[in-house]
There are 2 protein chains.
Amino acid sequence: MLQNCLGRYCHERNLAVNPQGGNTGMVGGSVPVFDEIILSTALMNQVISFHGVSGILVCQAGCILEELSRYVEERDFIMPLDLGAKGSCHIGGNVATNAGGLRFLRYGSLHGTVLGLEVVLADGTVLNCLTSLRKDNTGYDLKQLFIGSEGTLGVITAVSILCPPKPRAVNVAFLGCPGFAEVLQTFSTCKGMLGEILSAFEFMDAECMQLVGHHLGLISPVQESPFYVLIETSGSRAGHDAEKLSSFLEHVLDFGLVTDGTLATDQRRVKMLWALRERITEALSRDGCVYKYDISLPVERLYDLVSDLRARLGPQAKHVVGYGHLGDGNLHLNVTAEAFSASLLGALEPYVYEWTAGQQGSVSAEHGLGFKKKDVLSYSKPPAALQLMQQLKALLDPKGILNPYKTLPARA
Amino acid sequence: MLQNCLGRYCHERNLAVNPQGGNTGMVGGSVPVFDEIILSTALMNQVISFHGVSGILVCQAGCILEELSRYVEERDFIMPLDLGAKGSCHIGGNVATNAGGLRFLRYGSLHGTVLGLEVVLADGTVLNCLTSLRKDNTGYDLKQLFIGSEGTLGVITAVSILCPPKPRAVNVAFLGCPGFAEVLQTFSTCKGMLGEILSAFEFMDAECMQLVGHHLGLISPVQESPFYVLIETSGSRAGHDAEKLSSFLEHVLDFGLVTDGTLATDQRRVKMLWALRERITEALSRDGCVYKYDISLPVERLYDLVSDLRARLGPQAKHVVGYGHLGDGNLHLNVTAEAFSASLLGALEPYVYEWTAGQQGSVSAEHGLGFKKKDVLSYSKPPAALQLMQQLKALLDPKGILNPYKTLPARA
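No experiment lies behind these values; they were computed from the predicted model shown.

### Some details on the sheet that holds strand 7 (residues 155–162) of chain B
All names here are of chain B.
- Strand order in the open sheet made by the five strands is 3-4-7-5-6, with antiparallel pairing throughout. A strand with exactly one partner marks an edge of an open sheet, and here the two such strands are strand 3 (47–51) and strand 6 (126–129). With strand direction ignored, the average angle separating the axes of adjacent strands in the sheet is 10°.
- In the sheet, strand 5 (residues 114–120) pairs with strand 6 via four bridges, with the strands oriented antiparallel. Counterpart to Val-120 in the pairing with strand 6 is Val-126.

### As for the packing of helix 15 (residues 383–396) of chain A against helix 15 (residues 383–396) of chain B
- Taken N-terminus to C-terminus, the directions of helix 15 of chain A and helix 15 of chain B make an angle of 140°; their axes are 11 Å apart at the nearest point. Comparing the axis directions of helix 15 of chain A and helix 15 of chain B gives the class oblique. Of the two elements, helix 15 of chain A crosses helix 15 of chain B, and the hand of that crossing is right-handed. Here A:Leu388, A:Gln391, A:Leu392, A:Leu395 and A:Leu396 of helix 15 of chain A come into contact with helix 15 of chain B, specifically with B:Leu388, B:Gln391, B:Leu392, B:Leu395 and B:Leu396.

### Here's the deal with helix 9 (residues 238–254) of chain B
Residues and elements named next belong to chain B.
- The end-to-end C-alpha distance of helix 9 is 24 Å, a good match for the 24 Å that 17 residues give at a rise of 1.5 Å each.
- Those residues of helix 9 that fall on the buried side of the exposure criterion are His-240, Asp-241, Lys-244, Leu-245, Phe-248, Leu-249 and Val-252. Angular distribution of buried residues about the axis of helix 9 spans 165°; they occupy a single face of the element. Facing away from the buried side of helix 9, by more than 90 degrees, are the exposed residues Glu-250 and Asp-254.

### Some details on the pairing of strand 11 (residues 260–264) of chain B
Residue and element names in this part refer to chain B.
- Only one face of strand 11 is buried: it carries Asp-260, Thr-262 and Ala-264, and the other face, with Gly-261 and Leu-263, is open.
- Note: strand 8 (residues 169–177) against strand 11, five bridges, orientation antiparallel. Residue pairing in the sheet places Leu-175 in a bridge with Gly-261 of strand 11.

### Regarding the side chain of A:Glu202
Residues and elements named next belong to chain A.
- Along the chain, the position of Glu-202 falls in strand 9 (residues 198–205).
- You can call Glu-202 buried: its relative accessible area is 3%.
- When residues no more than four places from it in sequence are discounted, the contact partners of Glu-202 are Leu-102, Tyr-228, Val-229, Leu-230, Trp-274, Arg-277, Gly-324, His-325 and Leu-326.

### Details of the interface of chain A and chain B
- With 87 residues of chain A in contact, the opposing surface of chain B contributes 87 residues.
- Interface area, chain A with chain B, both sides summed: about 6700 Å², of which 58% is carbon and sulfur.
- Summed over the three residues of chain A that lose the most area to chain B, namely A:Lys135, A:Asn137 and A:Tyr140, the buried surface amounts to 15% of that side.
- Counting the contacts that link chain A with chain B gives ten salt bridges.
- A salt bridge links A:Asp328 to B:Arg134, with the nearest nitrogen and oxygen atoms 4.0 Å apart.
- On the surface where chain A and chain B come into contact, there are 44 residue pairs in polar contact (both at pLDDT 80 or more).
- When contributions to the side of chain A that touches chain B are tallied by element, the ones reaching two or more residues are helix 4 (104–107), helix 5 (110–113), strand 6 (126–129), helix 6 (143–146), helix 7 (180–194), helix 9 (238–254) and helix 15 of chain A.

### Digging into the environment of A:Leu194
- Here A:Leu194 shows up in helix 7.
- Residue A:Leu194 is classed as buried on the basis of its relative accessible area of 0%.
- Residues A:Leu194 and A:Leu297, spaced 103 residues apart in sequence, show a C-alpha to C-alpha distance of 24 Å.
- In this structure A:Leu194 touches A:Ile231, A:Thr233, A:Lys244, A:Leu245, A:Phe248 and B:Ser236, once residues within four positions along its chain are discounted.

### A look at the sheet that holds strand 13 (residues 319–325) of chain B
Residues and elements named next belong to chain B.
- If you walk across this open sheet you meet the seven strands as 11-8-10-9-13-14-12, and the pairing is antiparallel. The open sheet has two free edges, formed respectively by strand 11 and strand 12 (289–296), since each of these has just one partner strand. Strand-to-strand twist across the sheet, computed as the mean angle between neighbouring axes with direction ignored, equals 15°.
- Across two bridges, the pairing between strand 9 (residues 198–205) and strand 13 is antiparallel.

Here is what the cut-offs are and how they apply
Residues numbered from 1 in each chain as written. Chains lettered and ligands numbered in written order. Predicted model: local features only at pLDDT ≥ 70, side-chain atom pairs only at ≥ 80, totals over all residues. Heavy atoms only, no water. Pairing = 2+ DSSP bridges. Helix = DSSP H or I, 4+ residues; strand = E, 2+ residues; numbered from the N terminus. Axes fitted to C-alpha atoms, helices over the stretch in contact; angles between N-to-C directions. Parallel < 35°, antiparallel > 145°, perpendicular 65-115°, else oblique. Left-handed = near helix turned anticlockwise from the far one by under 90°. Contact = heavy atoms within 4.5 Å. Expected span 1.5 Å × (residues − 1). Buried < 20%, exposed > 50% of the residue type's maximum accessible area, 1.4 Å probe, protein only. Arc of directions from axis to C-beta. Buried area = accessible area lost by both parts, 1.4 Å probe. Salt bridge = Lys/Arg side-chain N within 4 Å of Asp/Glu carboxyl O. Polar contact = N/O pair within 3.5 Å; in protein donor to acceptor, adjacent residues only side chain to side chain.

Next comes the structure, spelled out in structure tokens:
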């Protein structure tokens, strides 16, 4: 079937539809633009195998992430990735876009957790690298080419992935910090004191909290603060985790790194605290026209870009907010305005990209390049890398039929 | 300098010299065979930067792994990989060969922990992908091409790598198991009960213990058993780790999975227990001519190959032993004989490779292909993968000057 479908197509990806967040695709990687044919993998939704000792899951590309999560959780494992769009995104799209998400800090990148792929190449060849081995050094690790290439080098049809054991205890702490310096110190402290049980370290600024309050009616569980931090622990023994967490909280409160905080262990409250962070995107979309940036920076400079922009834009912007996966050095920078304005866009770009490049940051941390960001690639990649990307594209897809107009800048 | 040196060369790799283990290169990946020029990166031994919050180390390719370990340990971090050859191997060679080693179970593959590379291509172009960002989805992840390609696609000159925080407590348990089924049950149990603090699960059979006893005078710390298991935990709170470990030990002893065991927390005894496992290679080399195989298999079939071979070879072999990184599904299968024998080799090969292929295993789990194993690649990779490897080699090294005669099978 696949061989016959390989016209100009657009690979299903994790940002295609996001009913939770209302995000219709931050970079337009999955949006057909001109003359593409859309290839759906929705019917390829079967688990092929699951190994109960090693935790290795092999499944077809069209499996929905949330359904896979449920499947492995029943067997006492979890998926190594989790994201807001889990209810609709396909595992094939997650891999094609190298999705990051909420468990990245603990379980790392898909480049490490994906063990094998089956990929259909542009000429219809089925490349079977669907091994389920943790170690395999027989030649080039070809599957890596397709992880994060946004469907431009091949169509992922099946995935083998390593699932971690399901943690027996999950705790979430939601804390208020008096400044960004204290957010950073809290991060360093918790890396040391929570160590191996730390599974997420997220932050949001005061404006984010105002937005989720104003647009969604969510109420802050702690006193008003310039910054908020969400810390999640996942461990194998509840009592030990609680002890570690309470020593840590005592320490950060004593040292003034945190001014107020709340703790959740039951699932309902854990979800409620996560909602404050996860629903920011939704609140932003209700605030007006949103200019979105997804940036990696050295963690100590992470918030400087937000402060700089706030000063630079002044009353042109309604809100300039910063939040994101601080533990991964990943900032979600968002600017809202009543309506689209070319002058506001001109004040933002290329300023944001140049600022990021000045810090050797990445202009797309986890959302890829797609259609909208393909031309800003050069801010994060040198000419030699761009050239090699073009060469790989020419080698694997000489006719340019796979997700065309995406990821790669137009040739000069 | 490098641009002028790029003749036919042989990349320095982790198996080149191994004074600890006496191993002169299991696959001959770094051994010049015909007309190669050797390129040494030994003088490129400087740390470029280390970030104390994120734990990201950037260094030149010629840094020795043990020296890097010392450097980051002084700053309260550890390297994400550790191996017997640490005193002599270079980080550039580790990355070029995708070295696995002793911390793989906990910290995963270099495909996940290496954040950036600087690579000199065959035409002298310096490809600078030396970012130190945990997340970067700007286009194809080009560095992945060079991880594990054994120097055949480019010369790695600098590495950016994520270092985990240094654990505050390390414990080692050395246990005797009555059978391989019990080894597997012990593994499943400890994954559940030790969870996030488990950092190694190694096994060795009774013949291994006899060999380290006979050739090196090492004494087993536990009663004679058909199998031995070494479990290491690394955690952030000694008391919690000790509690977890003692509940686990109580459980496996009660259920008869383990018949005898010993525990070490002080560094000297930890090292002593590790030596039993780490010095098997050395003992084997003193036993005569050694036929070595490094194989990945589904964990429940891991030891069947050893038993099968023992029966197949009978008195032709002096010893047939199995040991390795059970937690990673990685078996080191070794056969010794008084002297080299073509008939013994004929009984081993292709039998071992065919057996492995029959289980969808890998004929080279962590040691690569090099010169000796390049022609057995097809047991683990389908023709379409071999073809893509050849195409990538032709694209990146059209004149075949980079580590020639290695990794890729000779063209038909």
